[in-house]
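Architecture and fold: a report
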Amino acid sequence: MATVAHMLDGIWFDGPKVSQEEYNYYVHLEKQKKSSTSSPAPDAPVAQTQQKPAAAEQESDDDSDVDLFGSDESETEEEKKEKEERLAAYKAKKAKKPTVIAKSNIILDVKPWDDTTDMIELEKSVRSIATDGLIWGPSKLVEVAYGIKKLQIACVVEDDKVGTDFLEEQITDFDDYVQSIDVVAFNKV
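Residues numbered from 1 in each chain as written. Predicted model: local features only at pLDDT ≥ 70, side-chain atom pairs only at ≥ 80, totals over all residues. Heavy atoms only, no water.

1. Some remarks on the overall build of the protein
When you go through the protein residue by residue, the secondary structure sums to six helices and four strands. Secondary structure elements of the protein, listed N to C terminal, follow the sequence α-α-α-α-β-α-β-β-α-β. Sequence-distant contacts, at least 24 apart, represent 69% of the contacts inside the protein between residues at least 6 apart. Accessible area for the protein stands at about 15100 Å²; split by element, carbon and sulfur atoms hold 54% of it. (Helix = DSSP H or I, 4+ residues; strand = E, 2+ residues; numbered from the N terminus. Contact = heavy atoms within 4.5 Å. Areas by Shrake-Rupley, 256 points an atom, 1.4 Å probe, with all protein chains shown as cover.)

In structure tokens form, the structure reads like this:
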């Protein structure tokens, strides 16, 4: 059986079915087999072994010349000046663009202590909070239960300057009027 398989090594019955890569691999093996069976002169292998390391050294030298990360040492003065000009132009262009100011629309529920709390004074005290980036909007009184009403007030804030924590602290400082505060809605404008 082994002799039959050895005899059929060079024959390709299913050649069209075999992929091109596999075919190339077997052709390569056949070439190696033929070259190993023919015995060259005794001086030839020594010369080949001496040439191979020299070729490997040349290849390694070629690889060392390649700078994969592109160091800046080889830049000329003109290239440096051109690069600086481009960076300056980019920075100037970027500085001209107006920055977008992030704003939010917040609706707050301000709850009083009881039904005897003066809601008009409560609204005046809440609107007395003034800071940069805060604009008060419309307000209304909303029935809660048993004659108690809460103040629902809207405001627009700049996100970088005013936050909900700041508003809650300032409004809850009015201890005579305010029991608690809730954020009903928080929408980006």
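2. Topic: helix α4 (residues 77–96)
An ideal rise of 1.5 Å per residue puts 28 Å on 20 residues; α4 measures up with 29 Å between its terminal C-alpha atoms. Among the 20 residues in α4, zero count as buried, and that is only a small part of the element. (Expected span 1.5 Å × (residues − 1). Buried < 20%, exposed > 50% of the residue type's maximum accessible area, 1.4 Å probe, protein only.)

3. Concerning the pattern of salt bridges
Should the charged atoms of two oppositely charged side chains come close, the side chains can pair. Enumeration over the complete set of coordinates arrives at eight salt bridges. Here K111 makes a salt bridge to D182, at a shortest N to O gap of 2.4 Å. Residue K111 is located in strand β1 (residues 103–112), and its partner D182 is located in strand β4 (residues 178–188); the two are separated by 71 residues in the primary sequence. Among the residues examined, D182 registers a relative accessible area of 31% and is labelled partly exposed. The residue R127 makes a salt bridge to E123 at a minimum N-O spacing of 3.1 Å. Of this pair, R127 and E123 both sit in helix α5 (residues 119–127), separated by four residues, roughly a single helical turn. (Salt bridge = Lys/Arg side-chain N within 4 Å of Asp/Glu carboxyl O.)

4. Some details on the nonpolar core
Counting 18 residues, the largest nonpolar core has L134, W136, L167 and I171 as its most contacted members. Those elements that provide at least two residues to this core are β1, α5, β2 (134–145), β3 (148–158), α6 (164–172) and β4. Counting residues per element, this core draws most heavily on β3, at four residues. Excluding anything up to four places from it in sequence, L134 contacts I129, C155, V156, V157, V162 and L167. (Core = buried A, V, L, I, M, F, W, Y, C linked by side-chain atoms within 4.5 Å.)

5. Topic: a negative patch on the surface
On the surface, a cluster of negative charge is made up of D165, E169, D173, D175 and D176. Tracing the sequence through the fold places D165 in helix α6. For D165, a relative accessible area of 55% corresponds to the exposed category. (Patch = residues over 30% accessible without salt bridge, like charges linked within 9 Å, V, L, I, M, F, W, Y side chains within 5 Å. Lys, Arg positive; Asp, Glu negative; His and termini not counted. Charge placed at Lys NZ, Arg CZ, Asp CG, Glu CD.)

6. Things to note about a nonpolar patch on the surface
A cluster of nonpolar side chains, contributed by Y25, Y26 and L29, occupies part of the molecular surface with about 290 Å² of accessible area. By the secondary structure assignment, Y25 is in helix α2 (residues 20–37).

7. Let's talk about the packing of aromatic side chains
Each pair of aromatic rings is reported with the distance of its centres and the angle of its planes. The full count for this structure, using the stated rule, is one aromatic pair. With a centroid separation of 5.6 Å and 65 degrees between ring planes, the pair formed by Y25 and Y26 is classed as edge-to-face. Judged by its relative accessible area of 37%, Y26 is partly exposed. (Phe/Tyr/Trp six-rings, centres within 6.5 Å; stacked < 30°, edge-to-face > 60°.)

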